[in-house]
Amino acid sequence: MNGMNGFSTCVGDGQDTHNGETGNDVCDTQWEKLGAWFIGPTAENIDNFCELAIESIRQNVKPHNYFPNDPKMISPEVKSSTNYKKEMEKTKMELKCLNDALTESIPYASVRYQGHMVSEATLPAKLGYLAAWMTNANNAASELGPVTTRLEIEVGKQLCDMIGFEQTHNPWGHITNGGSTANIEALWASRNIKFFPLALQKAIKEERLLSNAKEISVFIPRLGRKQKISSTSTWDLLNLDLDDIVGLPHEIQRLTRKTATDLKDVINKYTLAHNGFVQFYLMHGLRTAPIIIASAANHFSWGKAATLVGIGGRNLVCVPFDQNARLDVIALRKLLDEKLAKKVPLISVVCVVGTTEHGAVDPISDILNLRAEYRAKGLNFYILADGAWGGYFATLLRKPKDGDQLLPNFPISKYTRDQLNCLKFVDTMTIDPHKSGYCPYPAGGLCYRNGHMKSFIAFATDMVFMDANTVINCSGIEASKPGAGPAGVYLAHKVIGLHSSGYGRILGQSMLGAKLFYCAWLTAANTDDSFVCVPLTPIPEAFDYDEESAKEFIRDRILHASYEDIVTDTEVMSFLSEVGPDVAINAFAVNMKGNTSVDKCNRLNMAVFDRLSQTDLERKTVRDVPLFLTKSRLTQKECFKISNSFKKRLGLSAESGGVLSFLKNTVTNPWTAADHTIQMLVLNFRKVVIQCVTEID
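Scoring rules and cut-offs
Residues numbered from 1 in each chain as written. Predicted model: local features only at pLDDT ≥ 70, side-chain atom pairs only at ≥ 80, totals over all residues. Heavy atoms only, no water. Disulfide = S-S within 2.5 Å. Buried < 20%, exposed > 50% of the residue type's maximum accessible area, 1.4 Å probe, protein only. Helix = DSSP H or I, 4+ residues; strand = E, 2+ residues; numbered from the N terminus. Pairing = 2+ DSSP bridges. Core = buried A, V, L, I, M, F, W, Y, C linked by side-chain atoms within 4.5 Å. Contact = heavy atoms within 4.5 Å. Patch = residues over 30% accessible without salt bridge, like charges linked within 9 Å, V, L, I, M, F, W, Y side chains within 5 Å. Areas by Shrake-Rupley, 256 points an atom, 1.4 Å probe, with all protein chains shown as cover. Salt bridge = Lys/Arg side-chain N within 4 Å of Asp/Glu carboxyl O. Axes fitted to C-alpha atoms, helices over the stretch in contact; angles between N-to-C directions. Parallel < 35°, antiparallel > 145°, perpendicular 65-115°, else oblique. Left-handed = near helix turned anticlockwise from the far one by under 90°. Nonpolar A, V, L, I, M, F, W, Y, C, P; charged D, E, K, R; others polar. Lys, Arg positive; Asp, Glu negative; His and termini not counted. Charge placed at Lys NZ, Arg CZ, Asp CG, Glu CD. Expected span 1.5 Å × (residues − 1). Bend = angle between axes of the 7 residues up to and from the residue. Arc of directions from axis to C-beta. Polar contact = N/O pair within 3.5 Å; in protein donor to acceptor, adjacent residues only side chain to side chain.

1. Details of the state of the cysteines
Phase 1: Taken as a whole and judged by the stated rule, the model has zero disulfides.
Phase 2: Not engaged in a disulfide, the cysteine Cys 439 finds its nearest cysteine sulfur in Cys 447; these two sulfurs lie 13 Å apart.
Phase 3: Exposure remark for Cys 439: the relative accessible area of 4% places this residue in the buried category.
Phase 4: Here Cys 519 is not disulfide-linked; the sulfur of Cys 533 is the nearest cysteine sulfur, at 12 Å.

In structure tokens:
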């Protein structure tokens, strides 16, 4: 087969990673390293974990070096008393009841769990969390959690380095309770920065303290030159470069020779954050509401963010996505033209690095190019990347410093690799260690390319001691926050490593599992079955295979091949690189053969979901679910391109409108790609589908 030059490996350059080793050596190394990083799908490492966990508990219940001769308050006499024994027995009884109830929890560690973006946390992440959890540290300030605050700062640096943010802009990151909080914070900071030049212009004109700053100049991208801020138009001030804006407070300090404390209250009373949108717009004669733009596949937290920061849900403008569930660049260009013509302030464009519904990565490189083009025309905006799910996939491209390259080939497309390489140019990056970082909840994260952005949402208090180098809570939404989360992330990063031989090894394996699952969904229905199974993402148009020849190749070369045969077969790996999702989520649907009704198709998919999920403990137990999947849906309004194509491939009527439901599986378990695993899971899936078809008919 020709035309396979899109093949790439997890090290990012397509080179051979075997270093002369046999396929067996590479595969053995892969399973051995993965085996040390997890408790395991069937708790194979339970003894090692318990030993290390107990050691951590004993170490951190009471530090051995803290006044060891202090008197003991719980004496032997207290322990032998009736009341003591009664209360301890009550604790044991209630704990047993709780543990019995928890046996019905979702088995995330099992290869049978293929639902949401949830997985077994790694062994070091759990141990790090447990160790710090014993101290109950609070990262609200360094005096409440001096050790874990330092760890959070280090984790922020690690994540910024992983993304590739340049040190020249002092990048900064921190841990949040989740990706939603991070997204809200990113928009909050962007909003405040966007309108800051207008506030500063007015402050300079009206405050005597700022008289020495009247000559300050700002670079106008539309003009390609600097001019005095006092004479710059409102529109141009709303379209300055982010790095120039966040540098203005320092420049004001330099010119006025005043401290930040002296200037804070003087300038703050003119800002949008202080006045609110209504008063601020009246002060500046503004009449057009600002907007943010995002793909139709944006996470619902962006709608929350728009309402919470006062922009309004109606001003979150969604761009339809293309045949691959990625933001449609043509539609985005049309929208930018419209907003430029009407002079609508555009705060940011949100690009999604791993959509939670379809596993797609938006075309970041194209969005960056569009920003450069429209910046010169006078319309400037910030780029906020939502990599809550896909951010850690950047480790696939980072080489380890120790040169360890004993890795199997992992299928990641050139397109995805190119977008991951562009992450270093976005302005903020949401990234969740508790998703593809395999860490315990809560551990979301936000990284700023320019660390000075955080000062535009900073709040201070005299209640706790503040150290400018270590304070965490002043620059985010949260105040009190657990120190255990950052500790778990820190230890996982240190043990596993944020590179291709570490996290890239885990996520590359998950990518392989997702691609193999794509092949399984494409071929799940036999020719004599009463149903069809169709992946949302079609076979690429510019590919050597159409759908039928792809199915033939899959059945001949992939479905029954061993793990070793697959990862050492260049042609198979080339094929897997080009098909399936961008990052480890498959969306697909089933339909009854001959059915053209969307409603009937939806009923079938919901019936399958009902069998392959656990939402009602009274009706069934987790042991009744042989495979966990989840569901979503496509609306016609903004998903019409992919929705119409999907319906056609499912055999549904072209005229059938309405919402189309579908199933999805997320591959976070690296053992999904092990021999015979997917075949076993798909066999269970087929049985359920056949039963549901019979019931509906």
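2. Overview of the pairing of strand S12 (residues 630–634)
Phase 1: Of the two faces of S12, only one is covered, namely that formed by Thr 630, Ser 632 and Leu 634; the face formed by Lys 631 and Arg 633 stays uncovered.
Phase 2: Pairing analysis gives five bridges linking S12 to strand S13 (residues 660–666), with the strands arranged antiparallel. Within S13, the position partnered with Thr 630 by the bridge is Lys 664.

3. Focus: the nonpolar core
Phase 1: Within the largest apolar cluster, 118 residues are counted, with the highest numbers of intra-cluster contacts made by Ile 293, Ile 558, Phe 575, Leu 576, Val 608 and Phe 685.
Phase 2: A total of 13 residues in this core trace back to one element, the largest contributor, which is helix H18 (residues 503–522).
Phase 3: Once residues lying within four places of it in the same chain are set aside, the contact partners of Phe 685 are Trp 521, Cys 533, Phe 588, Val 590, Val 608, Leu 612, Leu 627, Leu 629 and Leu 663.
Phase 4: Core analysis: the next-biggest nonpolar cluster, separate from the first, contains 55 residues, Phe 196, Leu 200, Leu 242 and Ala 294 among them.

4. Concerning a nonpolar patch on the surface
Phase 1: There is a patch of nonpolar side chains on the surface, built from Met 73, Ile 74 and Val 78 and spanning about 320 Å² of accessible area.
Phase 2: By the secondary structure assignment, Val 78 is in helix H3 (residues 76–79).

5. Description of the sheet that holds strand S11 (residues 585–592)
Phase 1: With respect to topology, four strands assemble into an open sheet ordered S10-S11-S13-S12, the strand pairing being antiparallel. Either end of the sheet is taken by a strand with one partner, and the two such strands are strand S10 (531–535) and S12. When strand polarity is set aside, the average angle formed by the axes of neighbouring strands in this sheet is 35°.
Phase 2: The strands touched by helix H23 (residues 640–650) are S10, S11, S12 and S13; relative to S10, the strand with the most contacts, the crossing angle is about 150°.

6. Here we look at the sheet that holds strand S7 (residues 382–387)
Remark on secondary structure: sheet strands pair via backbone hydrogen bonds, oriented parallel or antiparallel.
Phase 1: Read from one edge to the other, the open sheet built from seven strands follows the order S1-S9-S8-S7-S6-S4-S5, with strand pairing classed as mixed. Edge positions in the sheet fall to strand S1 (172–176) and strand S5 (316–319), since each of these pairs with one other strand and no more. For this sheet the average axis-to-axis angle between neighbouring strands, irrespective of direction, equals 20°.
Phase 2: The strands touched by helix H6 (residues 146–163) are S1, strand S8 (428–431) and strand S9 (444–448); relative to S1, the strand with the most contacts, the crossing angle is about 120°.

7. Quick word on the packing of H6 against helix H17 (residues 484–496)
Phase 1: Where H6 meets H17, the closest approach of the two axes is 9 Å, and the angle between their N-to-C directions is 50°. By the criterion of interaxial angle, the relationship of H6 to H17 is oblique. For the element pair H6 and H17, the recorded crossing hand is left-handed. Together, Thr 148, Leu 151, Glu 152, Glu 154, Val 155, Gln 158 and Leu 159 of H6 and Pro 486, Ala 487, Val 489, Tyr 490, His 493 and Lys 494 of H17 make up the contact between the two elements.
Phase 2: Broken down by class, the residue content of the contact of H6 with H17 amounts to seven nonpolar, three polar and three charged.

8. Section: the pairing of strand S3 (residues 225–228)
Phase 1: Two elements, strand S2 (residues 217–220) and S3, share four bridges in a ladder whose sense is antiparallel. When the bridges of S3 are listed, Val 218 appears paired with Gln 227.
Phase 2: Once S2 ends, the chain turns through four residues before running back antiparallel as S3, passing Gly 224 with a positive phi of about 75°.

9. A short note on a negative patch on the surface
Phase 1: A cluster of acidic residues, Asp 25, Asp 28, Glu 32, Glu 564, Asp 565 and Asp 675, forms a negative patch on the protein surface.
Phase 2: Every element with two or more residues in the negative patch is listed here: helix H1 (23–37) and helix H20 (563–567).
Phase 3: Element by element, the count of residues in the negative patch is highest for H1, at three residues.
Phase 4: For Asp 25, the location among the structural elements is in helix H1.

10. Structural notes on the side chain of Ser 348
Phase 1: Structurally, Ser 348 is set in strand S6 (residues 346–352).
Phase 2: For Ser 348, the contacting residues outside a window of four places in its chain are Leu 187, Ile 291, Ile 292, Ile 293, Phe 381, Tyr 382 and Leu 384.

11. Section: unusual backbone geometry
Phase 1: Tyr 441 connects to Pro 442 through a cis peptide bond whose omega is -5°.
Phase 2: Relative to the helices and strands, Pro 442 is located in the loop between S8 and S9.
Phase 3: A positive phi angle, near 40°, is found at Phe 67, a position not held by glycine.
Phase 4: Note that Phe 67 resides in the loop between helix H2 (46–61) and H3.
Phase 5: For Lys 343, which is not a glycine, the phi torsion comes out positive at approximately 55°.
Phase 6: Structurally, Lys 343 can be placed in the loop between helix H14 (329–342) and S6.
Phase 7: Owing to a relative accessible area of 48%, Lys 343 belongs among the partly exposed residues under this scheme.

12. Structural notes on helix H12 (residues 272–284)
Phase 1: Compared with the 18 Å implied by 1.5 Å per residue over 13 residues, the 11 Å span of H12 between its first and last C-alpha is markedly short.
Phase 2: Its maximal kink placed at Val 278, H12 deviates by approximately 80°.
Phase 3: Considered for burial, the residues of H12 that qualify are Leu 272, Phe 277, Phe 280, Tyr 281 and His 284.
Phase 4: For H12, the elements touching its buried residues are helix H7 (179–206).
Phase 5: Positive backbone phi, at 65°, marks Gly 285, one or two positions downstream of H12.

13. Thoughts on helix H19 (residues 547–557)
Phase 1: For H19, the set of buried residues is Ala 550, Lys 551, Phe 553 and Ile 554. Along the axis of H19, the buried residues cluster in a sector spanning 160°; they form a single face. Exposed residues pointing more than 90 degrees away from the buried face of H19 are listed as Glu 548, Glu 552 and Asp 556.
Phase 2: Considering only its buried residues, H19 is in contact with H18 and helix H21 (570–578).
Phase 3: The N-cap of H19, judged by a side-chain oxygen 3.3 Å from the amide nitrogen of Glu 548 a few residues on, is Asp 546.

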